[in-house]
Amino acid sequence: MTFVWLAFFDALLSIALIAAGIVGAHFYLIEPVVGFGLFGLGVFLSVLGLLVGLLAVFLTRKPQLAAGRNRAWLATVVCALIALPMFVTILLSSKYPAINDITTDFDNPPEFTFAQKLQHEPNRNMKYNKPKYADRQQAGYGPIGPIKERLEPSAEFARVTEVAQAAPAWKITYSDSAKNTLEAVATSRLFHFQDDVVIQIRPTPDGVSLIEMRSKSRDGIGDFGVNARRIRRFFDRVALARGKVNEQEEIP
């Protein structure tokens, strides 16, 4: 019966840790990285509880141990409901490279100005590390380049600013119309992890504007593809805004 109770308490403790991590981080009671750590520990205990629960089910197969067997099955099912979806999520996320700084320009990436003041670590280096990130970004995500717009830079900067202001969970922290550059902080909904974003509009010799972008996480080593998706989704919103403007211009 020892394994039955061990599996049962593993299931309860797993639920408690996961709930504490999510609730604590979401309501700003603890730091996001602490909340995620509690969540991860809860998932680990669910895996352990699943293994111990299966062993307990096997050891209580005799009829006289039916009560313990039911409790073992309950613990096993609870742990499986937690562990298996997380295992699938981790498996699907393993295709992403262990990087958390994505840019549309490896050689001349947009650099952060104001974001330096917002970091957890004072004097954190926010410069783009091309040898560390460029090859892995290319291998993991393929081409993520800037987009071209047929507006002069100041007009394009105004449009991009409107799109950034409407982006879910974004907060613009810095804007310089002279340099056509803005910075923003993107906050995740569940754990409130914060990533820094910088967007810069650059003129080209052929008269079009380049929208360059960079998205960098403040925590962790990898990002499960979040920063690359953020850039692509933002560019999709810019394209959608362009389409709406063109439709309005065509209305007689």
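Within each chain, residue numbers correspond to sequence positions counted from 1 in written order. Since the coordinates come from a predicted model, pLDDT governs what is reported: local features require at least 70, and pairs of side-chain atoms require 80 or more to be given and counted, while whole-chain, interface and lining totals use all residues. Working from all heavy atoms in the structure, the side-chain values ignore hydrogens and water.

**Some details on the packing of aromatic side chains**
Each aromatic ring pair is specified by the distance between its two centres and by the angle formed by the two planes. Put simply, the rule is: Centre distance within 6.5 Å is the pairing criterion for rings of Phe, Tyr and Trp, where only the six-membered ring of Trp is used; planes under 30 degrees apart are then read as stacked, over 60 as edge-to-face, and the remainder as tilted. Each helix corresponds to a stretch of at least 4 residues labelled H or I by DSSP, and each strand to a stretch of at least 2 residues labelled E; elements are numbered beginning at the N terminus. Ring-over charges, as used throughout, are those where CZ of Arg or NZ of Lys falls within 6 Å of the ring centre and within 35 degrees of the ring normal.
Summed over all chains, the structure comprises 12 aromatic pairs. With a centroid separation of 6.5 Å and 10° between ring planes, the pair formed by Phe114 and Tyr174 is classed as stacked. Linking Phe114 in the loop between strand S1 (101–103) and helix H4 (130–141) with Tyr174 in strand S3 (residues 170–176), this pair joins segments that are 60 residues apart in sequence. Each member of the aromatic cluster is reached from another via a ring pair, and the members are Phe36, Phe39, Phe191 and Phe193. Across from the ring centre of Phe58, 4.2 Å away, lies the NZ or CZ of Arg61, which sits over that ring.

**Regarding the layout of surface pockets**
Sizing a probe to match a water molecule and rolling it over the atoms shows the empty space that remains. Basically, it comes down to this: Site definitions follow a grid-based scheme: protein atoms alone, a 1 Å grid, a 1.4 Å probe that fits but cannot get out for cavities, and for pockets an open set with protein on both sides within 12 Å along at least five of seven lines, plus lining residues having an atom within 4 Å of a point. Grid points are joined across faces, edges and corners, and a volume is the space filled by probe spheres set on the points.
Its volume calculated, the largest pocket comes out at about 1200 Å³. Along the wall of the largest pocket there are 34 residues; nearest its centre are Ser188, Phe193, Asp223, Phe224 and Val226. At the level of elements, helix H2 (32–59), helix H3 (66–93), strand S4 (181–187) and helix H6 (226–250) are the ones that each hand at least two residues to the lining of the largest pocket.

**Description of the pairing of S4**
Spelled out, the test is: Throughout, exposure labels follow a simple rule: accessible area from a 1.4 Å probe, protein chains only, divided by the maximum for the residue type, with under 20% read as buried, over 50% as exposed, and the rest as partly exposed. Whether two strands pair depends on DSSP finding at least two bridges between them.
Where burial is concerned, most of S4 is hidden: six out of the seven residues are buried. Bridge count between S3 and S4: six bridges; the pairing is antiparallel. Counted as the bridge partner of Ile172 is Ala184 from S4. Joining the antiparallel neighbours S3 and S4 is a turn of four residues, in which Asn180 adopts a positive phi near 50°. Pairing between S4 and strand S5 (residues 194–203): seven bridges, direction antiparallel.

**Considering the nonpolar core**
Filter applied, for reference: What makes a nonpolar core is a set of buried Ala, Val, Leu, Ile, Met, Phe, Trp, Tyr and Cys residues whose side-chain atoms join them at distances within 4.5 Å.
Among the nonpolar cores identified, the biggest contains 27 residues, and Trp170, Ile199, Ile211, Met213 and Phe234 are the most heavily contacted of them. Those elements that provide at least two residues to this core are H4, helix H5 (153–166), S4, S5, strand S6 (209–217) and H6. Ala7, Val52, Ala75 and Ala80 belong to the second largest nonpolar core, which has eight residues in total.

**Re the pattern of salt bridges**
Once their charged atoms are close, side chains differing in charge can pair, the charge on each being opposite to the other. Counted only if it meets this: Definition used for salt bridges: Asp or Glu carboxyl oxygen within 4 Å of a side-chain nitrogen of Lys or Arg.
For the structure on display, the rule yields 11 salt bridges. When the shortest N-O distance is used, the salt bridge between Glu149 and Arg159 registers 3.6 Å. Within this pair, whereas Glu149 is found in strand S2 (residues 147–149), its partner Arg159 is found in helix H5, the two being separated by 10 residues in sequence. Under the relative-accessibility criterion, Glu149 is labelled buried at 3%. We classify Arg159 as buried; its relative accessible area is 12%.

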